[in-house]
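# Breakdown of the fold
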Amino acid sequence: MARSLNEWLWQHEFWLPPGITWEDMQESEDIHYPQPRDLLLSIPFALILVVLRCAFERAIALPLSSKLGVRDKQRPKPQPNPVLETFYSTRCKNPEEGELISLAKQCDLPMRKVERWFRRRRNIDRPSLSKKFCEACWRFTFYVVSFFTGLAVLYDKPWLWDHRECWTGYPQQPLQPSLFWYYLLELSFYWSLVFTLPFDVKRKDFKEQIVHHAATIFLISFSYCANYIRIGTLVLVIHDASDCFLEPTKIFNYMKWKKTCDSLFMIFSAVFLISRLVIFPYTVLYNTYYYSMEIFQPFFGYYFVNALLIILQLLHVFWSCLIIHMVYKFILQGTV
């Protein structure tokens, strides 16, 4: 059964344009094509990134936060109470008035003390400022490294300047070592984000982040197997560009450097809106939807990769609405 499933999954009709089969993608001593088994390397590399992150946060980011004046607020701990702790862990972290009255009767406590207990208990679970600072420092370091790595890899590639070159000779486009390692770096990083998701700071867009990570991993993996490497590298560079400004904005916010934070936020907003709402649709979406049709007829891989790219674009629109709302409040109130 597993063999039949494997044969069905790797039918060339799913992965390759009409008229191309896996026999046409045979490797030689001088020509190498992406192999699905290569993606397995991203798992151990992701674990290495997790270890590097822990070492970086402990040895560099945490001491840096102290030197830059990032201080955690002292949060009073709630009194031990098994009944309230059980309710908090299994039922609800923010009980309604009726539940508070019932809990107060069970514990023989005034309702105000029960409310205070839940408020303090929620505060204990909130991530500290130093934790947020360390997380932002790690991501800023990676995004800067990955963005400039992408530019170094792509600056002499013809498809960076002429997007039709993404499809010249497709799918028989040999895999260059620099592109392989760049792809592996990015895929490993997003796997590491998935591994640390339960421990990272949970923000308001937590569910959207899960969708984003899943779509990104699927997109990177599928684009590698189907040899959409060229268009994939453009997607990665475009995404990293704005992230290089988002993380330092958070860092200066935690440091209480308001003017620097506000300035960086406006720069980030401009870069994000231009890169995600203008450059991405033209360079990537229009490219994969229209330019690719000049080379081959539609097939499953064409529809699948476009569907994943549209999911990413919908997330771009969602986050753009939040950013525009924040910019609007900044213009009216003078603060983010």
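Note that the coordinates shown come from a computational prediction; the quantities given were computed from them, not determined experimentally. (Residues numbered from 1 in each chain as written. Predicted model: local features only at pLDDT ≥ 70, side-chain atom pairs only at ≥ 80, totals over all residues. Heavy atoms only, no water.)

## Some remarks on the overall build of the chain
As a reminder of what qualifies: Counting from the N terminus, the helices are DSSP H or I runs at least four residues long and the strands are E runs at least two residues long. Think of it in three bands: residues with accessible area under 20% of the maximum for their type are buried, residues over 50% are exposed, and the middle band is partly exposed, with areas taken using a 1.4 Å probe on protein chains only. Here a residue-residue contact requires only that any non-hydrogen atoms of the pair lie within 4.5 Å. The method behind every accessible area is Shrake-Rupley, applied with a 1.4 Å probe, and residues are considered shielded solely by the protein chains displayed. Counted charges follow a simple rule, with Lys and Arg positive, Asp and Glu negative, and His plus the chain ends left uncounted. Lys charges are placed at NZ, Arg charges at CZ, Asp charges at CG and Glu charges at CD.
Check the secondary structure of the chain and you find 13 helices and zero strands. Beginning at the N terminus, the succession of helices and strands in the chain can be written as α-α-α-α-α-α-α-α-α-α-α-α-α. Referenced to the eigenvectors of the C-alpha coordinate spread, the extents of the chain come out at roughly 75 × 55 × 40 Å. In the chain, buried positions account for 44% of the 336 residues. Considering only contacts within the chain whose residues lie at least 6 apart along the sequence, 80% involve residues at least 24 apart. Looking at the chain as shown, the accessible area adds up to about 19000 Å², and 64% of this sits on carbon and sulfur atoms. Computed over 36 positive and 30 negative side-chain charges, the inter-centroid distance for the chain is 17 Å.

## Here's the deal with the UniProt feature "transmembrane region" (unreviewed entry) in the chain
Selection criterion: UniProt positions are given in the numbering used here, feature names are shortened, and annotations may be inferred rather than shown by experiment.
In the numbering used here, UniProt assigns the feature "transmembrane region" (unreviewed entry) to residues 136–155, 180–199, 264–283 and 303–328. Span residues 180–199 is 80% helix and 0% strand, its end C-alpha atoms 30 Å apart.

## A short note on the nonpolar core
The condition is simple: Among the buried residues, those of types Ala, Val, Leu, Ile, Met, Phe, Trp, Tyr and Cys that are joined through side-chain atoms within 4.5 Å form a nonpolar core.
Core analysis: the biggest nonpolar cluster contains 66 residues, and Trp-167, Phe-189 and Tyr-228 have the highest contact counts within it. Of all the elements in the fold, those that place two or more residues in this core are helix H3 (42–67), helix H7 (129–154), helix H9 (177–195), helix H10 (206–225), helix H11 (229–254), helix H12 (258–289) and helix H13 (300–333). The element contributing the most residues to this core is H11, with eleven residues. Those residues in contact with Phe-189 that lie beyond four places of it in its chain are Leu-49, Trp-138, Phe-142 and Tyr-143.

## Digging into the domain arrangement of the chain
Applied cut-off: All the domain ranges listed were derived from an automatic or database domain assignment.
Split by domain assignment, the chain resolves into domain 1 (27–67 + 128–333) and domain 2 (82–125). Measuring from the centre of the C-alpha atoms in domain 1 to the corresponding centre in domain 2 gives 41 Å.

## Let's talk about the environment of Glu-27
Considering the arrangement of structural elements, one finds Glu-27 in the loop between helix H2 (12–15) and H3. Expressed as a C-alpha distance, the spacing of Glu-27 and Pro-174, which sit 147 residues apart in the sequence, is 9.0 Å. With near-sequence residues (within four places) excluded, Glu-27 lies in contact with His-32, Tyr-33 and Gln-35.

## Quick look at unusual backbone geometry
In this structure, the amide linkage connecting Tyr-170 to the following residue, Pro-171, adopts the cis form with an omega of 0°. Inspection of the secondary structure puts Pro-171 in the loop between helix H8 (158–161) and H9. Unusually for a residue other than glycine, Asn-227 sits at a positive phi of about 60°. Inspection of the secondary structure assignment puts Asn-227 in the loop between H10 and H11. Judged by its relative accessible area of 4%, Asn-227 falls in the buried class.

## Describing the environment of Cys-134
Along the chain, Cys-134 falls in helix H7. Counting along the chain gives 141 residues from Cys-134 to Ser-275, while the straight-line C-alpha distance between them is 26 Å. Apart from the residues lying within four places of it in its own chain, the contact partners of Cys-134 are Glu-57, Ala-61 and Leu-62.

## A closer look at the packing of H7 against H9
Convention followed: Axis angles are defined between N-to-C directions and span 0 to 180 degrees, where every axis is a line fitted to C-alpha atoms and, for a helix, only to the segment in contact. Orientation is classified from the angle alone, with under 35 degrees giving roughly parallel, over 145 giving roughly antiparallel, 65 to 115 giving roughly perpendicular, and any other angle giving oblique. Left-handed describes a crossing whose near helix is turned anticlockwise from the far helix through less than a right angle; right-handed describes the clockwise counterpart. Residue type decides the class: Asp, Glu, Lys and Arg count as charged, Ala, Val, Leu, Ile, Met, Phe, Trp, Tyr, Cys and Pro as nonpolar, and the leftover types, Gly among them, as polar.
Close contact between H7 and H9 brings their axes to 10 Å; oriented N to C, the two are set at 160°. If you check the angle between H7 and H9, you find them roughly antiparallel. As for how H7 packs across H9, the hand of that crossing is left-handed. Contacts between H7 and H9 involve Trp-138, Arg-139, Phe-142, Tyr-143, Ser-146, Thr-149, Gly-150, Val-153 and Leu-154 from the first element and Ser-178, Leu-179, Tyr-182, Leu-185, Glu-186, Phe-189 and Leu-193 from the second. In terms of residue class, the contact of H7 with H9 is made up of ten nonpolar, four polar and two charged.

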